[in-house]
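Here is how the chains run, residue by residue.
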Protein chains: 2
Amino acid sequence: MLSKSQIKKLRSLQRKKERKNTGLFVVEGKKIVEEILESSKGWNELYATSTWFDEHPNYVGLDKSFEMSEKDLAQVSTLKTPNEVLLVLKQNDRQEFAEVKSEKVILALDGVKDPGNMGTIIRLADWFGVKQILCTSDSVDQYNPKTVQSAMGSINSVQLHYGDLAQMLTDLGTHQIYACDLDGESIYKTDFAERSILLMGSESHGISDEILDLANQKITIPSFSNSGIDSLNVATATAIVLSGFRSK
Amino acid sequence: MLSKSQIKKLRSLQRKKERKNTGLFVVEGKKIVEEILESSKGWNELYATSTWFDEHPNYVGLDKSFEMSEKDLAQVSTLKTPNEVLLVLKQNDRQEFAEVKSEKVILALDGVKDPGNMGTIIRLADWFGVKQILCTSDSVDQYNPKTVQSAMGSINSVQLHYGDLAQMLTDLGTHQIYACDLDGESIYKTDFAERSILLMGSESHGISDEILDLANQKITIPSFSNSGIDSLNVATATAIVLSGFRSK
């Protein structure tokens, strides 16, 4: 059984403000929790049902592991179908923006608002070895519960820098900027520079003119469709562009 | 105002059985509806609020267009935030399995259960010119409301064949089968055959052994991560594999 204050604390971390104040966030569900436990990344507190502890006896009785009832779980979960276990984790330490410069490949996102898409992009960035993502201030929070669930164990492997994206791109000045747009050179023919920024637009508005003006080159994902569609979801487009970059 | 029977009919199409009996399905929201109206694909009935009709006067007063109140919309929508307009469409005519043979590139899915992923895959298939998808019988329904919403205007551009996937792959016999797996040749180095089947596994269980045995070659998406993750979401993996195939 969880105490009222434990339930209150876990629930409070569903709010951005409280996550910011505490520097903590919650991941939920067997698959993501096990991915994080298997990594060497550390964790603050673990909450699980007896079913989960029966399958994971090594975690029984630790200082920071707590058993909860199914009813407790339903109260603290953000999932429609709560799934046995929650982990409280510490957020990434904020890195200085200056550290971004040393990265060879950087992702830049203009206005990605959908938390599932943002999480998928973080997962992809991790997979393709991108450690730094620059985003506009209006982009969805990295530690939004839905972002965390789609990023899975990659959530803390990538650093997001929120701010004035045009200013950050100007300050960098060290990389070639490739903007993914409807008209541009095919990514299959693009000869990416060793130091590249891959710039993706929002789900509904693409890349703003101010930011597009900073790009050195426009690139595009060729379509083979005859049905007249002219857009892909930003997360799948990012998958294709990152893979295109790494295929060279 | 909608009649009770109209509301009942629209709500009944949220159920697979009723979609199957009528051969109809519903798409919702301004973006997807406008994408379909701009295509030449035709539609059966249009339901919209006065706000939507004000912006689209060409659709006012047609035999098959109906105005509904916000309250009607809330009653018939499957979205958390209903969005002005619904379209009732006819499902694709079932094509014979024999027609699959003439396609150069075919997608095969083993057990994709998540409706959002299935919709994203249908969108990607359309984008990359794949007209036929083979799937196991336990895969999610093409016309599930969440599948339809992620597939957008591509929902009827691709034909899904549900059945015994191993049997379908054996019956085809005309294509090289490439199975996307954790160990395999890098997709960047794969020399795909002109007639190829790209085989993807489910979100949680990958490709079953029975089906993997039918593959001519295993392929893999190289990872550049140092955080130890070993999986990508099936929809993003499909994006990368389709792009890899088309980049040759």
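Residues numbered from 1 in each chain as written. Chains lettered and ligands numbered in written order. Predicted model: local features only at pLDDT ≥ 70, side-chain atom pairs only at ≥ 80, totals over all residues. Heavy atoms only, no water.

Let us now look at the pattern of salt bridges. All names here are of chain A. Across all of its chains, the model carries 20 salt bridges over all chains by this definition. The partner of Arg123 in a salt bridge is Glu35, and the shortest N-O contact between them spans 2.7 Å. Pair noted here: Arg123 is in helix H6 (residues 115-127) and Glu35 is in helix H3 (residues 30-38), with a separation of 88 residues, a long-range link. Residue class for Arg123 comes out buried when judged on its relative accessible area of 5%. The class for Glu35 is buried, based on a relative accessible area of 16%. Each of Lys30, Glu55 and Glu84 takes part in a single network of salt bridges with overlapping partners. (Salt bridge = Lys/Arg side-chain N within 4 Å of Asp/Glu carboxyl O. Helix = DSSP H or I, 4+ residues; strand = E, 2+ residues; numbered from the N terminus. Buried < 20%, exposed > 50% of the residue type's maximum accessible area, 1.4 Å probe, protein only.)

We now examine the environment of Glu45 of chain A. Residues and elements named next belong to chain A. Within the fold, Glu45 resides in strand E2 (residues 45-48). With 112 residues separating them in the primary sequence, Glu45 and Ser157 have C-alpha atoms 19 Å apart. Those residues in contact with Glu45, other than ones at most four positions away along the chain, are Lys9, Lys64, Phe66, Leu86, Leu87 and Val88. Looking at Glu45, its side chain comes within polar contact range of the side chain of Tyr47, at 2.5 Å. (Contact = heavy atoms within 4.5 Å. Polar contact = N/O pair within 3.5 Å; in protein donor to acceptor, adjacent residues only side chain to side chain.)

The strands that make up a sheet are held in pairs by hydrogen bonds between backbone atoms, and each pair lies either parallel or antiparallel. Residues and elements named next belong to chain A. Strand order in the open sheet formed by six strands is E7-E6-E5-E9-E8-E10, with parallel pairing between adjacent strands. In this open sheet, the two strands that pair with only one neighbour each are strand E7 (159-163) and strand E10 (217-220). Pairwise comparison of adjacent strand axes, ignoring direction, gives a mean angle of 30 degrees for this sheet. As judged from the four bridges shared by strand E8 (residues 176-186) and strand E9 (residues 196-200), these two strands associate in the parallel manner. Its bridge partner being in E9, Ala179 is matched across the sheet by Leu199. (Pairing = 2+ DSSP bridges. Axes fitted to C-alpha atoms, helices over the stretch in contact; angles between N-to-C directions.)

In the superposition of chain B on chain A (RMSD 0.0 Å, axial shift 0.0 Å), the rotation amounts to 180 degrees. Taken together, the rotation angle and the small translation identify this as a two-fold axis. In this assembly the copies share their binding face: 100% of the residues contributing to the interface of chain B also contribute to that of chain A. (Least-squares fit on C-alpha atoms with pLDDT ≥ 70 in both.)

Where helix H10 (residues 234-246) of chain A meets helix H10 (residues 234-246) of chain B, the axes come as close as 9 Å, and the angle between the chain directions of the two elements is 45 degrees. Of the possible angle classes, the one that applies to H10 of chain A and H10 of chain B is oblique. The way H10 of chain A lies across H10 of chain B gives a crossing that is right-handed. On H10 of chain B, the residues that touch Thr236, Ala239, Ile240 and Ser243 of chain A of H10 of chain A are Thr236, Ala239, Ile240 and Ser243 of chain B. (Parallel < 35°, antiparallel > 145°, perpendicular 65-115°, else oblique. Left-handed = near helix turned anticlockwise from the far one by under 90°.)

Glancing now at the sheet that holds strand E4 (residues 85-90) of chain B. All names here are of chain B. With mixed pairing, the four strands of this open sheet are ordered in space as E1-E4-E2-E3. Looking along the sheet, the strands with just one partner apiece sit at the ends: strand E1 (24-28) and strand E3 (65-67). Across the sheet, the mean angle separating the axes of adjacent strands is 20 degrees when strand polarity is ignored. Of the strands in this sheet, E1, strand E2 (45-48), E3 and E4 are in contact with helix H1 (residues 4-12), which crosses E2 at around 105 degrees. Each of E1, E2 and E4 is contacted by helix H3 (residues 30-38), which is oriented at about 45 degrees to E4, the strand it contacts most.

This brings us to the interface of chain B and chain A. Frequently, the measure chosen for interface size is the accessible area removed from exposure when the parts meet. With 36 residues of chain B at the interface, the matching set in chain A holds 36 residues. Both faces combined, the contact of chain B with chain A buries some 3,000 Å², and carbon together with sulfur accounts for 62% of it. When residues of chain B are sorted by the area they lose upon contact with chain A, Trp127, Phe224 and Ile229 of chain B head the list and together hold 25% of the total. Scanning the region where chain B abuts chain A turns up zero salt bridges. Linking chain B with chain A are 18 residue pairs in polar contact (both at pLDDT 80 or more). Of all the secondary-structure elements, those providing two or more residues to the side of chain B that touches chain A are H3, helix H6 (115-127) and H10 of chain B. (Buried area = accessible area lost by both parts, 1.4 Å probe.)

Residue and element names in this part refer to chain A. Annotation of chain A at the domain level lists domain 1 (4-90) and domain 2 (97-246). Just the C-alpha atoms count here: the centres of domain 1 and domain 2 sit 30 Å apart. Every contact between the two is made by 15 residues of domain 1 and, on the other side, 13 residues of domain 2. Buried surface at the junction of domain 1 and domain 2, both sides included, amounts to about 1,200 Å², of which 58% is carbon and sulfur. Interface area lost by domain 1 to domain 2 is led by Phe25, Ile32 and Glu35, which between them contribute 39%. Across the domain 1-domain 2 interface, the total number found is two salt bridges. (Domains from an automatic or database assignment.)

Turning our eyes to something else, we now look at the environment of Tyr178 of chain B. All names here are of chain B. Relative to the helices and strands, Tyr178 resides in strand E8 (residues 176-186). The exposure class assigned to Tyr178 is buried, which follows from its relative accessible area of 3%. Each C-alpha atom of the pair Tyr178 and Ile219 lies 6.3 Å from the other, and the pair is 41 residues apart in sequence. Here Ala193 takes part through its backbone nitrogen, which lies 2.8 Å from a polar atom of the side chain of Tyr178.

All right, on to a negative patch on the surface then. Taken together, Asp164, Asp171, Asp209, Glu210 and Asp213 of chain A make up a surface patch of like negative charges. Inspection of the secondary structure puts Asp171 of chain A in helix H8 (residues 165-172). (Patch = residues over 30% accessible without salt bridge, like charges linked within 9 Å, V, L, I, M, F, W, Y side chains within 5 Å. Areas by Shrake-Rupley, 256 points an atom, 1.4 Å probe, with all protein chains shown as cover. Lys, Arg positive; Asp, Glu negative; His and termini not counted. Charge placed at Lys NZ, Arg CZ, Asp CG, Glu CD.)

Along the chain, Gln159 of chain A falls in strand E7. Excluding its chain neighbours within four sequence positions, the residues that come into contact with Gln159 of chain A are Asn92, Asp93, Arg94, Gln95, Lys131, Gln132 and Ile133 of chain A.

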